[in-house]
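Architecture at a glance
As a plain string of letters, each chain reads:
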Amino acid sequence: MREKIVAGNWKMNCNESETIELLNNLKSIEKPKAIRVIVAPAFTQLAKSKELLNDTSLTVAAQNMNGAISGAYTGEISADMLKGIGVTTVILGHSERRSLFQETDEILAEKVKAALKAGMEVIFCFGEKLEQRKLNTHFEVVARQLKVALFDLPGSIWKNIILAYEPVWAIGTGETASPEQAQEMHSYIRSLLVSNYDKAIADDVAILYGGSVKPNNAKEIFLGLDVDGGLIGGASLKANDFMAIVNAF
Ligand code: PGA
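The rules we used
- Residues numbered from 1 in each chain as written.
- Predicted model: local features only at pLDDT ≥ 70, side-chain atom pairs only at ≥ 80, totals over all residues.
- Heavy atoms only, no water.
- Helix = DSSP H or I, 4+ residues; strand = E, 2+ residues; numbered from the N terminus.
- Rg over C-alpha atoms; globule rule 2.2 N^0.38 Å.
- Buried < 20%, exposed > 50% of the residue type's maximum accessible area, 1.4 Å probe, protein only.
- Contact = heavy atoms within 4.5 Å.
- Lys, Arg positive; Asp, Glu negative; His and termini not counted.
- Charge placed at Lys NZ, Arg CZ, Asp CG, Glu CD.
- Pairing = 2+ DSSP bridges.
- Axes fitted to C-alpha atoms, helices over the stretch in contact; angles between N-to-C directions.
- Near = heavy atom within 4 Å.
- Polar contact = N/O pair within 3.5 Å; in protein donor to acceptor, adjacent residues only side chain to side chain.
- Areas by Shrake-Rupley, 256 points an atom, 1.4 Å probe, with all protein chains shown as cover.
- Phe/Tyr/Trp six-rings, centres within 6.5 Å; stacked < 30°, edge-to-face > 60°.
- Lys NZ or Arg CZ within 6 Å of the ring centre and 35° of its normal.
- Core = buried A, V, L, I, M, F, W, Y, C linked by side-chain atoms within 4.5 Å.
- Parallel < 35°, antiparallel > 145°, perpendicular 65-115°, else oblique.
- Left-handed = near helix turned anticlockwise from the far one by under 90°.
- Expected span 1.5 Å × (residues − 1).

**Quick look at the overall build of the chain**
Looking only at helices and strands, the chain has 11 helices and 8 strands in total. Whereas a compact globule of 249 residues would reach a radius of gyration of roughly 18 Å, the chain reaches 17 Å, a difference of no more than 12%. With the C-alpha coordinates of the chain rotated into their principal frame, the extents come out at 45 × 45 × 35 Å. Out of the 249 residues belonging to the chain, those deemed buried represent 52%. Across the chain, every contact between residues at least 6 apart in sequence was considered, and the portion connecting residues at least 24 apart equals 71%. In the chain, which carries 26 positive and 30 negative side-chain charges, the distance between the mean positions of the two groups comes to 2 Å.

**Regarding the sheet that holds strand β4 (residues 89–92)**
Read around the barrel, 8 strands follow the order β1-β2-β3-β4-β5-β6-β7-β8 and close on themselves; strand pairing throughout is parallel. Strand-to-strand twist across the sheet, computed as the mean angle between neighbouring axes with direction ignored, equals 25 degrees. Sheet analysis places strand β1 (residues 4–9) next to strand β2 (residues 35–40), joined by 6 bridges and oriented parallel. Counted as the bridge partner of Ala7 is Ile38 from β2. Packed onto the sheet, helix α8 (residues 179–196) meets β5 (121–126), β6 (161–165) and β7 (207–210) and runs at close to 145 degrees relative to β7.

**A few points about the site of the ligand**
Neighbouring the ligand are 13 residues, the closest being Lys11, His94, Glu166, Gly172 and Ser212. The backbone of Gly172 places a nitrogen or oxygen atom 2.6 Å from an oxygen atom of the ligand. Between the ligand and Ser212, the relevant distance is 2.7 Å, taken from an oxygen atom to a main-chain nitrogen or oxygen of the residue. For the ligand, the protein covers 97% of the area, taking 280 Å² as the surface of the free molecule.

**Re the packing of aromatic side chains**
Where two aromatic rings form a pair, the distance of their centres and the angle of their planes describe that pair. Counted according to the given criterion, the structure contains 8 aromatic pairs. Between the aromatic rings of Phe151 and Trp158, the centroid separation amounts to 6.1 Å while the plane-to-plane angle is 40 degrees, which identifies the pairing as tilted. Trp158 carries the same exposure label as Phe151, and that label is buried. Members of the aromatic cluster, each reached through a chain of ring pairs, are Phe124, Phe126, Tyr165 and Tyr209. Positioned above the aromatic ring of Phe101, the side-chain terminus of Arg97 is 4.1 Å from the ring centre.

**Some points on the nonpolar core**
The nonpolar side chains of a soluble globular protein tend to be buried with one another. Residues Leu26, Phe124, Leu146, Leu150, Trp158 and Leu163 are the most contacted members of the largest nonpolar core, which totals 69 residues. Excluding anything up to four places from it in sequence, Leu26 contacts Trp10, Val39, Leu58, Ala239, Phe242 and Met243.

**Remarks on the packing of helix α1 (residues 16–28) against helix α11 (residues 239–246)**
The interhelical angle for the contact between α1 and α11, taken along N-to-C directions, is 40 degrees, at an axis separation of 9 Å. Between α1 and α11, the crossing angle belongs to the class labelled oblique. For the pair α1 and α11, the crossing hand works out as right-handed. Across from Leu22, Asn25 and Leu26 in α1, the residues of α11 making contact are Ala239, Phe242 and Met243.

**Observations concerning unusual backbone geometry**
The residue Gln102 is not glycine, and still its phi comes out positive at about 55 degrees. If you trace the backbone, Gln102 turns up in the loop between α4 (95–100) and α5 (105–117).

**Topic: the side chain of Asn217**
Relative to the elements of secondary structure, Asn217 occurs in the loop between β7 and α10 (218–222). If we skip the residues at most four places from it in the chain, Asn217 touches Thr176 and Ser212.

**As for helix α7 (residues 138–149)**
If you check α7, its first and last C-alpha atoms are 17 Å apart, about what 12 residues at 1.5 Å a residue would give, namely 16 Å. All of the buried residues in α7 are His138, Val141, Val142, Ala143, Gln145, Leu146 and Ala149. In this fold, the buried residues of α7 make contact with α4, α5, β5, α6 (130–134), β6 and α8.

In structure tokens form, the structure reads like this:
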């Protein structure tokens, strides 16, 4: 059966001392054993975070990686480098990577393949923009994002993929998809997994919702039968808020 997951995407926040403080605060708060918790600090804090969370069940993830094995890619980080410090989970396809750093579905398809080939677990983000939802093309947009980046992968690799549906209009805006909108899209995504693979695979893939999830709306959103958790931005930077979301299940 699929996992329930709450992941925190810290984005470009938290220097070393702030990272230590936030992680120590997270460690001090009880969480239900059945919920998997993932945190994604900045690259420079990953090694320290691994060390600090060594004695816990929390997973440390990277927010991005390059699809090449090595070479002349100034400023980039490879899967091998992440694995070298024990980080084996990576977020790919976040809407900020797509919009600010021109990462297309085709580029993401390459990155996903590289990460999976290196034995990493991928949290794959996707979702429609506001104008696409207004035009009622959100289902088509999401279907294309998944098709290009993921649907040519073999079924056996899906145990290493977590999906994160994040409508762009809800990220960092304070506006969330309603619980009904989230469930509607998540159930559609699961139906795509059934049609492209089979029901057993579809039933096992965790589909997270992301976009302005806060302690006061998490419970309602997580009630959706196909909503298996959340990818949290802003609220993951406060230990109490993040753990309140974890405890909202
Ligand atoms: P938010 O960000 O929770 O601040 O809306 C979500 C995300 O970017 O993953």
